[in-house]
Amino acid sequence: MDPACKREISVEIPADVVAKQQEALVQQYSKQARIPGFRKGKVPASMVRSRFSSEITSDVVEHLVPQYFREAVVKGGYRPVSQPHIYGLEFTPGEPIKFKAAFEVLPEFELGDYKALKVEKPDITITDEQIDNELKLLQEKQASFDPVDDERGAEKGEFVQVSFEARPKSLADDEPEAGSDEIKSAEVKTAGAEAKAAEGKDTAAENPDQKDVPAQPVQMEEVLVEIGGANTIPEFTEHLAGAKAGEERSFEVSYPEDFYDKRLAGMVFDYKVKVNAIKKKSLPELNDDFAKELSPDFQNLGDLKHRFRENMEAELKHKTEHEAKDKLIEELLAKHDFPVPRSMVEHQIDLRLERGLRALAAQGMKTEDMRRMDFGRLRAGQQEFAVKEVKSSVLLAKIAIKENIQVTDEELEREIEAMAAQMQQPLEEVKKRLKEDNAVERLRDRMRSEKALNLLYSNSN
């Protein structure tokens, strides 16, 4: 617990209350206990007290301590944000129960001049050139790849459809090769000229544990490689240019030390490539028919451009607003320095890791691979972000209180309906789960904080 947020109280449960609870439990045990020689419900109280002394004591503590702890914190004006640590418990027959409890509370601090925060709000303008670029990307996605019937070899700008085997030079010749079902992704991306190779993220940077995974052999079928393509590894263009369908080529690829995929950086692979076909990419013409084929909502190309503009403006508005609000939070944090409860930080780290693990699972990472991750290091890496998130939530909650910002039941209901629609789950099921997790008020608090941030944003220009 953070010393600045830690509070301690001493609690005493009156002896008569303890005795009354003990007697009630004795009567309960007498009715339910099964002891040889006695009928059920006829066990003498004296025997129950003797036989079930430790169980009754445990039940008394379990029943009375939480109740009197809650009463004590309410009386003391505390609002705990963590589970209490109970210690120093004293329980002597005929005497009051005494115990101490330590817990964390939100820090006390004065709000700075949050109304003076300023942030730039750029104009949301989508140019015709941006629209045209998006149309070209869509045109590329709708491209067809048609076989080239000529006997000549593949030329620049054409695509070879290949199958290949790739083996890292560091792997001993007698080591077994992994099947294509066992290996995915990294090396495959290097071969293709498809746009995904260029768009591939540095997954090793996002998940450092992957950097230490040794390179493995790869076997893939039906990969398209563009001869001379901007995203094509130069060695593929060099060795596959002029190749004809049915030919096989063997060559070596040396990945530079600064290669975007750190798992391949500085490594050398031997490739055995078979050319299955040569294909030429054909782009559809950008006209009214193109628009109509995409959706019955579009009567002509102008309708498609108008939809693009609307979507791009909405996306840009959301992006710029999100960035502006992030800057507002940074400025708000810079104006306030206060401690935060350790329990809240740990909870936020849990949430961040849970989101990260769900994302990895969605990308196909296996459970056993996740278990091998260094969670101690991962938790430490989330510390700074979690502290900032907790501080910002505390500040926004405090601003919401000062500004008397409320979330009505109707607004809460609409939010839950939106959640259910997004998750594609029945509304009543979502409501039930929120209640079972005691998450309804947490959702209301989050919505109140969002309102506070929106207020800061609207007042910031």
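Residues numbered from 1 in each chain as written. Predicted model: local features only at pLDDT ≥ 70, side-chain atom pairs only at ≥ 80, totals over all residues. Heavy atoms only, no water.

Peer 1: Any chance you could break down the overall build of the chain for me, citing the residues and the numbers?
Peer 2: What the chain contains, in helices and strands, is 16 helices and eight strands. Across the 461 residues of the chain, 34% fall into the buried class. Taking as baseline every contact in the chain between residues at least 6 positions apart, the subset at least 24 positions apart corresponds to 74%. Split by element, the accessible area of the chain, about 28600 Å² in all, is 48% carbon and sulfur. (Helix = DSSP H or I, 4+ residues; strand = E, 2+ residues; numbered from the N terminus. Buried < 20%, exposed > 50% of the residue type's maximum accessible area, 1.4 Å probe, protein only. Contact = heavy atoms within 4.5 Å. Areas by Shrake-Rupley, 256 points an atom, 1.4 Å probe, with all protein chains shown as cover.)

Peer 1: Break down the pattern of salt bridges for me, with residues and values.
Peer 2: Close approach of charged atoms allows side chains with opposite charge to pair. Throughout the structure, instances matching the rule amount to 27 salt bridges. The salt bridge partner of K115 is E403, with a shortest N-O separation of 3.6 Å. Of this pair, K115 sits in the loop between β3 (97-104) and α4 (128-141) while E403 sits in the loop between α13 (375-402) and α14 (409-423); the two residues are 288 residues apart in sequence, bridging distant segments of the chain. The salt bridge partner of R446 is E415, with a shortest N-O separation of 3.4 Å. Remark: E415 occurs in helix α14 and R446 occurs in helix α16 (residues 440-458); sequence separation between them is 31 residues. Of the residues examined, R446 reaches a relative accessible area of 35% and is grouped as partly exposed. A cluster of three or more residues bridged by salt bridges with shared partners is formed by R342, E346, D350 and R379. (Salt bridge = Lys/Arg side-chain N within 4 Å of Asp/Glu carboxyl O.)

Peer 1: Which residues make up the packing of aromatic side chains, and what values do they have?
Peer 2: The final tally for this structure, using the stated rule, is twelve aromatic pairs. Between F236 and Y271 the ring centres are 5.1 Å apart and the planes differ by 75°, which places this aromatic pair in the edge-to-face class. Of the two residues, F236 is situated in helix α8 (residues 234-240) and Y271 in strand β8 (residues 268-282); the sequence distance between them amounts to 35 residues. Residue classification places Y271 among the buried positions, given a relative accessible area of 1%. Seen from their ring centres, F269 and Y271 are 6.4 Å apart, and the 40° between their planes marks the pair as tilted. Given a relative accessible area of 0%, F269 falls into the buried group. (Phe/Tyr/Trp six-rings, centres within 6.5 Å; stacked < 30°, edge-to-face > 60°.)

Peer 1: Please give an account of a negative patch on the surface that cites residues and values.
Peer 2: A surface patch of like charges, here negative, comprises E285, D288, D289 and E293. As for its placement among the helices and strands, D288 is situated in helix α9 (residues 288-294). (Patch = residues over 30% accessible without salt bridge, like charges linked within 9 Å, V, L, I, M, F, W, Y side chains within 5 Å. Lys, Arg positive; Asp, Glu negative; His and termini not counted. Charge placed at Lys NZ, Arg CZ, Asp CG, Glu CD.)

Peer 1: Report on α14, specifying residues and quantitative values.
Peer 2: The first and last C-alpha atoms of α14 sit 21 Å apart over 15 residues, in line with the 21 Å expected at 1.5 Å per residue. Within α14, burial applies to L412, I416 and A420. With its buried residues spanning 80° around the axis, α14 presents them on a single face. Residues of α14 that are exposed and angled more than 90 degrees away from the buried face: E410, R414, A421 and Q422. (Expected span 1.5 Å × (residues − 1). Arc of directions from axis to C-beta.)

Peer 1: Got a sec to walk through the pairing of strand β2 (residues 85-90)? Specific residues and values, please.
Peer 2: As a general feature of sheets, a regular strand has side chains that alternate between the two faces. Examined bridge by bridge, β2 and β3 share four bridges and lie antiparallel to one another. By the bridge assignment for β3, Y87 is matched with K100. Hairpin remark: β2 followed by β3, antiparallel, with six residues in the connecting loop; positive phi at G94, about 85°. (Pairing = 2+ DSSP bridges.)

Peer 1: Hey, could you go over the packing of α13 against α16 for me, with residue numbers and the actual values?
Peer 2: At a minimum axis separation of 8 Å, α13 and α16 run at an interaxial angle of 80°. One finds that α13 runs roughly perpendicular with respect to α16. Every residue of α16 that contacts α13 at S393, L396, A397, I399 and A400 is listed here: R448, S449, A452, L453 and L456. Its residues placed into classes, the contact of α13 with α16 shows seven nonpolar, two polar and one charged. (Axes fitted to C-alpha atoms, helices over the stretch in contact; angles between N-to-C directions. Parallel < 35°, antiparallel > 145°, perpendicular 65-115°, else oblique. Nonpolar A, V, L, I, M, F, W, Y, C, P; charged D, E, K, R; others polar.)

Peer 1: Describe the sheet that holds β2, listing the residues and the values that go with them.
Peer 2: The sheet built from three strands is open, its strands ordered β1-β3-β2 with antiparallel pairing. One side of each edge strand has no neighbouring strand; the edge strands of this open sheet are β1 (6-13) and β2. On average, each strand axis in the sheet is tilted by 20° relative to the strand beside it, whichever way the strands run. Pairing of β1 with β3 involves eight bridges; the strand directions are antiparallel.

Peer 1: Now, about α4: what can you tell me, with residues and values included?
Peer 2: Here α4 spans 20 Å end to end across 14 residues, near enough to the 20 Å set by a 1.5 Å rise per residue. For α4, the elements touching its buried residues are α9 and α10 (301-334).

Peer 1: Tell me about the pairing of β8, and name the residues and values.
Peer 2: Note: strand β4 (residues 144-147) against β8, four bridges, orientation antiparallel. For S144, the partnering residue across the bridge sits in β8 and is S282. Across seven bridges, strand β7 (residues 248-254) lies against β8 in antiparallel orientation. When the bridges of β8 are listed, S254 appears paired with V268.

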